[in-house]
Amino acid sequence: MSVLVFAEMKGKEIHPVAFELLGKGEEISKELSIKLEAVVFGGDESTAQELIDYGAENVYLYEGEQESCKECLSSLATEIKPEIMLFGATKFGRALAPRIAASLNAGLTADCIDLRVEEKEFIQIRPAFTGNILAHIKTRSTPKLTTVRYRVMKPAEKRKREGRIIKKESSVDIKKSFPLVKREKIESIDIQNADIIVSGGRGLNSKEDFKMLEKLASLLGGVVGSSRPLVDDGWISKDHQVGFSGNTVKPRLYIAIGISGSSQHLAGMRNSEMIIAVNSDPSAPIFRYADYGIVGDLYEVVPKLIEGLEQKVS
Ligand SMILES: Cc1cc2nc3c(=O)[nH]c(=O)nc-3n(C[C@H](O)[C@H](O)[C@H](O)COP(=O)(O)OP(=O)(O)OC[C@H]3O[C@@H](n4cnc5c(N)ncnc54)[C@H](O)[C@@H]3O)c2cc1C
């Protein structure tokens, strides 16, 4: 029995959410007196050793492509019978975990923000009713599958540790199962790791006005974020969405422009180190959370900010 962490690969690197899962996994496995293990696809021995150094006692290392992991993970779970399986609530993890849960006929709790053990029971905590309450969820089935949001938990401490690397062979030939028809480059941004985010909300009059925010973001060395309505309207891609049903972010600086500060938006950005809000309505809730607030029309304020920064740069 173990807590099994799925260590997602991002190219040749381990996605940092895996280190957060190992941090929490270590705490839980100790309380339940079970092992902490990890499984990784497509890495090499040094990848597995890194997971050991972050706390995994055993690492199952598959050589095959990460895309083939559904079948492999399901059969690994049947073989080693983990008590708990932890996945990052990334795009990939969110797509993978329910498939594994269905194939194992097991329960899944998605998008958790905390995990704990109370009286030897595993408790999964996640926002419910659009973020207004925190639900504490127990899963009856075994294994218990959980996806956990990125950047809400402290990563494990990295130090030289001993562990076992167990090499596994993928049972699926991805090239045969899913022949490649066409490779398309999809533009995506890494908003969750950004240090500076300039986000736009319904205060913007048109899709084109995002260009103004892009300009401000690039002068600051940041990226553009968005509230959900503009994503729903197709003005900007979901990668940019901040909030309860989007990304959780924790930048050094978050600038909210024409965003009211709904509880769902705040759920994704309230832990930013510094928040600056630009809003024409002095009673907008965002000002209660902002370190600095500018009450004014964004179409006057933002061009002035851009002008000021351009003068500084030149
Ligand atoms: C299940 C669920 C999940 C959700 N998930 C998310 C989520 O992940 N992220 C998210 O953002 N929302 C989410 N929402 C939606 C959320 O409830 C709000 O509707 C949304 O956050 C509002 O976006 P907004 O602040 O851009 O728009 P509004 O609330 O309409 O605010 C627009 C603001 O712009 C200001 N403004 C207008 N014109 C100007 C101007 N010229 N200059 C300056 N300021 C101006 C206004 O004063 C106002 O404060 C979710 C809702 C549900 C039900």
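The shown structure was predicted, so the numbers you read here are calculated from the model rather than taken from an experiment.

S.K.: Let's hear about the overall build of the chain: which residues, and what values?
M.R.: In terms of regular secondary structure, the chain is built from 10 helices and 17 strands. Taking 20 Å as the expected radius of gyration for a compact globule of 314 residues, we find that the chain reaches 22 Å, a close match to that expectation. A principal-axis box enclosing the C-alpha atoms of the chain has dimensions of 60 × 50 × 35 Å. Relative to its full complement of 314 residues, the chain shows a buried share of 51%. Contacts in the chain between residues at least 24 apart in sequence constitute 63% of all its contacts with a sequence separation of at least 6. Accessible area of the chain: about 16300 Å², with a carbon and sulfur share of 49%.

S.K.: Please set out the site of the ligand residue by residue, giving values where relevant.
M.R.: Taken together, 25 residues surround the ligand, and among them S227, S245, S260, Q264 and N279 come closest. A distance of 3.0 Å separates an oxygen atom of the ligand from a polar atom in the backbone of F244. Here G258 contributes a backbone N or O atom positioned 3.0 Å from an oxygen atom of the ligand. Summarising the interface, the protein chains cover 75% of the accessible area of the ligand, which totals 990 Å² for the free molecule. Mapping the ligand onto the cavity grids shows that it belongs to the second largest pocket. Elements supplying a minimum of two residues to the shell around the ligand: α7 (228–232) and α8 (263–269). Each residue belonging to the shell around the ligand can be placed in one class, and the counts come to 5 nonpolar, 16 polar and 4 charged.

S.K.: How would you sum up the nonpolar core? Please name residues and give values.
M.R.: Formed by 31 residues in total, the largest nonpolar core has its most connected members in L22, I28, L51, V59, L86 and L115. Elements with a contribution of two residues or more to this core: β1 (2–7), α1 (17–32), β4 (35–41), α2 (45–53), β5 (58–62), β6 (84–88) and β8 (114–118). It is α1 that contributes the most residues to this core, 6 residues altogether. When sequence neighbours within four positions are dropped, the list of residues in contact with L115 reads K24, I28, L86, F122, I123, Q124, T146, V148 and M153. Counting residues in each nonpolar core, the second largest holds 22 residues, with Y60, L76, A77 and L145 among its members.

S.K.: Explain the domain arrangement of the chain residue by residue, including any values.
M.R.: Domain annotation of the chain identifies domain 1 (2–177) and domain 2 (191–313). Computed over C-alpha atoms, the centres of domain 1 and domain 2 are 32 Å apart. With 12 residues of domain 1 in contact, the opposing surface of domain 2 contributes 12 residues. Interface area for domain 1 against domain 2, summed over the two sides, is near 1000 Å², with a carbon-plus-sulfur share of 36%. On the domain 1 side of the contact with domain 2, R149, Y150 and R151 bury the most area, a combined 55% of that side's loss. For the pair domain 1 and domain 2, the interface holds 1 salt bridge. Scanning the region where domain 1 abuts domain 2 turns up 5 residue pairs in polar contact (both at pLDDT 80 or more). Here the residues of the side of domain 1 that touches domain 2 are counted per class, giving 3 nonpolar, 3 polar and 6 charged.

S.K.: Which residues make up the pairing of strand β13 (residues 196–200), and what are the values?
M.R.: Where a strand is regular, its side chains alternate between the two sheet faces. When you tally the buried positions in β13, you get 5 out of 5 residues, the bulk of the element. Side chains I196, V198 and G200 project from β13 onto one buried face, and the interleaved I197 and S199 project onto a second face that is buried too. Pairing geometry for β13 and strand β15 (residues 253–257), over 5 bridges, is parallel. Across the sheet, the residue bridging to I197 is Y254, located in β15. The pairing of β13 with strand β14 (residues 223–226) spans 4 bridges and is classified as parallel. Directly across from I197, in β14, lies its bridge partner V223. Each parallel crossover has a hand, and the one from β13 via helix α6 (residues 210–220) to β14 is right-handed.

S.K.: Got a sec to walk through the packing of aromatic side chains? Specific residues and values, please.
M.R.: Taken as a whole, this structure holds 5 aromatic pairs when the rule is applied. Centre to centre, the rings of F6 and F41 are 6.3 Å apart; their planes meet at 50°, and the pair counts as tilted. Of this pair, F6 sits in strand β1 while F41 sits in strand β4, and the two are 35 residues apart along the sequence. Taken individually, F6 and F41 each receive the classification buried, so the pair is uniform in this respect.

So, how was this worked out
As a convention, each chain's residues are numbered from 1 in the sequence order in which they are written. Per-residue local features are limited, in this predicted model, to residues with pLDDT of at least 70; the limit for side-chain atom pairs, both in listing and counting, is 80 or more; totals at the level of whole chains, interfaces and linings are taken over all residues. Values shown for side chains rest on all heavy atoms present in the structure; no hydrogens or waters enter the calculation. A run of DSSP states H or I qualifies as a helix once it reaches four residues; a run of E qualifies as a strand once it reaches two. Both are numbered from the N-terminal end. Only the C-alpha atoms count toward the radius of gyration. The rule for a globule is 2.2 Å times the residue count to the power 0.38. Buried residues are those whose accessible area, probed at 1.4 Å on protein chains only, stays under 20% of the maximum for their type, while exposed residues exceed 50% and partly exposed ones sit between those limits. The contact criterion used is simple: two residues touch if any of their non-hydrogen atoms lie within 4.5 Å. Only the protein chains shown count as cover for residues, with accessible areas throughout obtained via the Shrake-Rupley method and a probe of 1.4 Å. What makes a residue near a molecule or strand is one non-hydrogen atom of that residue sitting within 4 Å of it. The definition of a polar contact used here is a pair of N or O atoms within 3.5 Å, where within protein one atom must be able to donate a hydrogen and the other to accept one, and adjacent residues in sequence count solely through side-chain atom pairs. Any residue with an atom within 4 Å of a point lines the site, the site being either a cavity, points on a 1 Å grid over the protein atoms alone where a 1.4 Å probe fits but cannot get out, or a pocket, an open set with protein on both sides within 12 Å along at least 5 of 7 lines. Any molecule with more than half of its atoms within 2 Å of a cavity's or pocket's grid points is counted as sitting in it. For this classification, Asp, Glu, Lys and Arg are treated as charged, while Ala, Val, Leu, Ile, Met, Phe, Trp, Tyr, Cys and Pro are nonpolar and the rest, including Gly, are polar. In this description, a nonpolar core means a group of buried Ala, Val, Leu, Ile, Met, Phe, Trp, Tyr and Cys residues linked to one another through side-chain atoms lying within 4.5 Å. A domain assignment, automatic or from a database, supplies the domain bounds used here. By buried area we mean the combined loss of accessible area, with a 1.4 Å probe, across both parts when two parts are placed together. A carboxyl oxygen of Asp or Glu within 4 Å of a side-chain nitrogen of Lys or Arg is what we treat as a salt bridge. In this description, strands pair whenever DSSP reports at least two bridges between them. Handedness of a crossover is defined as follows: orient the strands so they point away from the viewer, and if the path from the first strand over the helix to the second runs clockwise, the crossover is right-handed. Any Phe, Tyr or Trp ring, taking Trp's six-membered ring, that has another such ring centre within 6.5 Å forms a pair; planes under 30 degrees apart are called stacked, those over 60 apart edge-to-face, and the others tilted.

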